Amino acid sequence: MLTMKQLSKVYRTHLIETHALRSFDIDVREGEFVAVTGPSGSGKTTFLNIAGLLEEFTGGEFLLDGVSVRGLDDDARSRLRNQKIGFIFQGFNLIPDLNLFDNVDVPLRYRGFNGAERKRRIEHALERVGLASRMKHYPAELSGGQQQRVAIARALAGEPRLLLADEPTGNLDTAMARGVMELLEEINGQGTTIVMVTHDPELAQRAQRNVHIIDGQVSDLDRNVTLLHTAAHKPVAMSA
């Protein structure tokens, strides 16, 4: 689903160069749930922005679902991002004056879906996160955990194959964080690939695999893969 080889990202000004990523290698298979950890400033957010086609890279190779993104113009990158990727951020980023239905609807309108298709997607997404009965409520009427579920529904409505989550439980208490993590595990179990950046070691250990980043490089790969995941990729393992 996502492959980066010898990827680099350099930020340049007229005075200095900052190497955010260097010789960065990662391979995320379809259907995996990968947790990305590392200290602040290690390159996690840069990696996530590049993975989400929000930021360009300086050198190396990046394949998204088998498609090389090097050299794609802005329109092509936007199309690929809209077709393949959903985003969940630490901040819920909900519009307070819109109810849940309309909050989930906003990105779908930008993609040009007709009213019937948008309604189908919105209702299905809110049902998946357990909030179908509250679609006419407003964000202020919800708990923090419920607001994050709306943000997840907004991402799911685009029917992405890859879900990128940046500290999705960072603004939640422990109980709410566990609830959101259980929801992400359920979504992953239904086939969506998830890459989650987190500082929480407990949540990271619940992912199928941990990737640790230090100084812009992958320092180790902890392949803590479930039996179900191993069985699903058995032909790949046998050919290695």
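Residues numbered from 1 in each chain as written. Predicted model: local features only at pLDDT ≥ 70, side-chain atom pairs only at ≥ 80, totals over all residues. Heavy atoms only, no water.

Trainee: Describe a negative patch on the surface, and please don't skip the residues or the numbers.
Mentor: Together, Glu 56, Asp 73, Asp 74 and Asp 75 give the surface a local cluster of negative charge. Residue placement: Asp 74 occurs in helix α2 (residues 74–84). A residue is classified by how much of its surface remains accessible, and Asp 74, at 56% relative accessible area, is exposed. (Patch = residues over 30% accessible without salt bridge, like charges linked within 9 Å, V, L, I, M, F, W, Y side chains within 5 Å. Areas by Shrake-Rupley, 256 points an atom, 1.4 Å probe, with all protein chains shown as cover. Salt bridge = Lys/Arg side-chain N within 4 Å of Asp/Glu carboxyl O. Lys, Arg positive; Asp, Glu negative; His and termini not counted. Charge placed at Lys NZ, Arg CZ, Asp CG, Glu CD. Helix = DSSP H or I, 4+ residues; strand = E, 2+ residues; numbered from the N terminus. Buried < 20%, exposed > 50% of the residue type's maximum accessible area, 1.4 Å probe, protein only.)

Trainee: Go over the layout of surface pockets, please, and point to the residues and values.
Mentor: Its volume calculated, the largest pocket comes out at about 410 Å³. Around the largest pocket, the lining comprises 18 residues; the ones closest to its centre are Ile 85, Gly 86, Phe 87, Pro 107 and Arg 154. Of all elements in the fold, only α2, β6 (85–88), α3 (100–110) and α5 (144–156) reach the threshold of two or more residues within the lining of the largest pocket. With four residues, α3 is the single largest residue contributor to the lining of the largest pocket. Tallied by class, the residues present in the lining of the largest pocket amount to 11 nonpolar, four polar and three charged. (1 Å grid on protein atoms, 1.4 Å probe; cavity = no way out; pocket = protein on both sides within 12 Å on 5 of 7 lines; lining within 4 Å. Points joined across faces, edges and corners; volume = space filled by probe spheres on them. Nonpolar A, V, L, I, M, F, W, Y, C, P; charged D, E, K, R; others polar.)

Trainee: I'd like to hear about the packing of α3 against α5, residue by residue, with values.
Mentor: Running from N to C, α3 and α5 cross one another at 40°; their axes reach a closest spacing of 8 Å. Note that α3 runs across α5; the crossing there is right-handed. Residue-level inspection shows Leu 100, Asn 103, Val 104 and Pro 107 of α3 in contact with α5, the latter providing Val 150, Ala 153 and Arg 154. Classifying every residue of the contact of α3 with α5 gives five nonpolar, one polar and one charged. (Axes fitted to C-alpha atoms, helices over the stretch in contact; angles between N-to-C directions. Left-handed = near helix turned anticlockwise from the far one by under 90°. Contact = heavy atoms within 4.5 Å.)

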